[in-house]
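Observations on the model geometry
So the chains spell out like this:
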Amino acid sequence: MTVQELPGAAAYRPTPPPAWRPRTDPAPLLPDPEPHRVLGTGAELDRALMLKLYAELVRGRRFNAQATALTKQGRLAVYPSSTGQEACEVAAALALEERDWLFPSYRDTLAAVARGLDPVQALTLLRGDWHTGYDPREHRIAPLCTPLATQLPHAVGLAHAARLKGDDVVALALVGDGGTSEGDFHEALNFAAVWQAPVVFLVQNNGFAISVPLAKQTAAPSLAHKAVGYGMPGRLVDGNDAPAVHQVLSEAVARARRGGGPTLIEAVTYRMEAHTNADDATRYRGSAEVDAWRDHDPIRLLEGELTARGLLDEDGIRAAAEAAETMAAALRDQMNADPVLDPMDLFAEVYAEQNGQLREQAAQLRAELEAEAR
């Protein structure tokens, strides 16, 4: 029996489906045409916050320089410097409450240090001693993530779980422009928007995915424009304007905490140094380009604004530099000491409780070590 043969079929008249309606008005989700800025606009500045940002920027620059030097001395296997991107790193750390979680990539050691992690612990992975040199739960900092963008779904999962439990927690996930070309980026943003998870995504657009410029990764007007495709707001900010990055991140974190859902933020910045110490950046960019960005250095921008407003003087500049040198000296001394490593640590922290296979492997290694010691 066909539809037309059913009782009452004469009254049945097929109609077209209802007109398409957008599930969300896209206009409020679109980023502004120009990156948000605070410095140079005459906006009111919180003196205590500005001085904290400045001190952390100076310390961060010195941390990057010292870590880079340690690679040349053989004390670190590799170091991906964030010189030039310090405003993003510091603002990310300071925008979070203690109960919140930070999900860093391999380039975000500075963000972890600015959040309070010991610099030596932040560099342990890059030294090759441990996969993670700190307890993530204690510091609310996920392990530094080397695979591109895989930390983003983890951030969404934690944020969603926290909301289900009723915990007042926000997750902030950091990723580079190269990571936005990974499938994990799409999956994380899609789930975050569908679940309205309390998570903030900060894309540090530093111009290159190793040697691949952004123009060869995407044809989108900006990376922030990608947000509308997932149903979340996108924000575009000058990544070298520390107060602006802090403001935009703080607003997004507050929005997520009150149940407003996720936000995608693109911070336009620049990687002043090579991708890592194993990279030769001169093969894909010229010195003129790098020099142009030196005029937009985050420390120079903030220092110039604060001194012009009388919020920072020579004594404050000197104190910040001295504190940074003290940190660098302590880091250098500790990293120059050979660590005492226990081969049995291979089996520690793999699972909460070791399974039979791990116990068998541990017993075999222990027997071999005891035989060698005889």
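Everything in this summary refers to the structure shown in the same document. Note that the structure is a prediction, hence the values are computed from the model and not measured. (Residues numbered from 1 in each chain as written. Predicted model: local features only at pLDDT ≥ 70, side-chain atom pairs only at ≥ 80, totals over all residues. Heavy atoms only, no water.)

Within helix H10 (residues 298-308) the residues assigned to the buried category are Pro 298, Ile 299, Leu 302, Glu 305 and Leu 306. Taken end-on, H10 shows its buried residues confined to a sector of 145 degrees, consistent with a single buried face. Its buried side turned inward, H10 meets helix H1 (47-72), helix H2 (86-94) and helix H8 (242-257). Of the residues flanking the start of H10, the one acting as N-cap is Asp 297, its side-chain oxygen 2.9 Å from the backbone nitrogen of Ile 299. Two residues or fewer after H10 comes Gly 310, characterised by a positive phi angle close to 75 degrees. (Buried < 20%, exposed > 50% of the residue type's maximum accessible area, 1.4 Å probe, protein only. Helix = DSSP H or I, 4+ residues; strand = E, 2+ residues; numbered from the N terminus. Arc of directions from axis to C-beta. Contact = heavy atoms within 4.5 Å. Polar contact = N/O pair within 3.5 Å; in protein donor to acceptor, adjacent residues only side chain to side chain.)

Here we take up unusual backbone geometry. For Arg 140, which is not glycine, the phi torsion reads 55 degrees and is therefore positive. Considering the arrangement of structural elements, one finds Arg 140 in the loop between helix H5 (136-139) and helix H6 (151-165). When its relative accessible area of 28% is taken as the criterion, Arg 140 is described as partly exposed. Positive phi, normally seen in glycine, also occurs at Ala 149, with a value near 70 degrees. Accessibility expressed as a relative area gives 2% for Ala 149, which makes it buried.

A word on the sheet that holds strand E2 (residues 171-176). The strand order E1-E2-E3-E7-E6 describes an open sheet built from 5 strands, whose pairing is parallel. Either end of the sheet is taken by a strand with one partner, and the two such strands are strand E1 (101-103) and strand E6 (234-238). Pairwise comparison of adjacent strand axes, ignoring direction, gives a mean angle of 20 degrees for this sheet. Note that E6 and strand E7 (residues 263-268) share 5 bridges and pair parallel. Counted as the bridge partner of Asp 238 is Val 268 from E7. In the packing of H2 onto the sheet, the strands contacted are E2, strand E3 (199-205) and E7, and the crossing angle to E3 comes to about 170 degrees. (Pairing = 2+ DSSP bridges. Axes fitted to C-alpha atoms, helices over the stretch in contact; angles between N-to-C directions.)

Once that is clear, we can look at the side chain of Gln 66. Along the chain, Gln 66 falls in helix H1. A distance of 2.7 Å separates a polar atom in the side chain of Gln 66 from a polar atom in the side chain of Arg 332. Dropping the residues within four chain positions of it, Gln 66 is found in contact with Ala 328, Leu 331 and Arg 332.

In this section: the pattern of salt bridges. The full count for this structure, using the stated rule, is 17 salt bridges. The residue Lys 52 makes a salt bridge to Glu 56 at a minimum N-O spacing of 3.3 Å. Here Lys 52 and its partner Glu 56 are both found in helix H1, 4 residues apart, which amounts to about one turn of the helix. Residue classification places Lys 52 among the partly exposed residues on the basis of a relative accessible area of 40%. Notably, a salt bridge pairs Arg 127 with Asp 129, separated by 3.8 Å at the nearest N-O pair. By relative accessible area, which is 24% here, Asp 129 ends up partly exposed. Ionic contacts of the salt-bridge type, sharing partners, join the residues Arg 99, Asp 100, Asp 168 and Arg 257 into one network. (Salt bridge = Lys/Arg side-chain N within 4 Å of Asp/Glu carboxyl O.)

Now for the packing of aromatic side chains. Within the structure shown, the criterion is met by 6 aromatic pairs. Taking 4.9 Å as the distance between ring centres and 35 degrees as the angle between the ring planes, the aromatic pair formed by Phe 191 and Trp 195 counts as tilted. On the criterion of helical spacing, the pair formed by Phe 191 and Trp 195 is a turn pair, its members being 4 residues apart in helix H7 (residues 183-195). (Phe/Tyr/Trp six-rings, centres within 6.5 Å; stacked < 30°, edge-to-face > 60°.)

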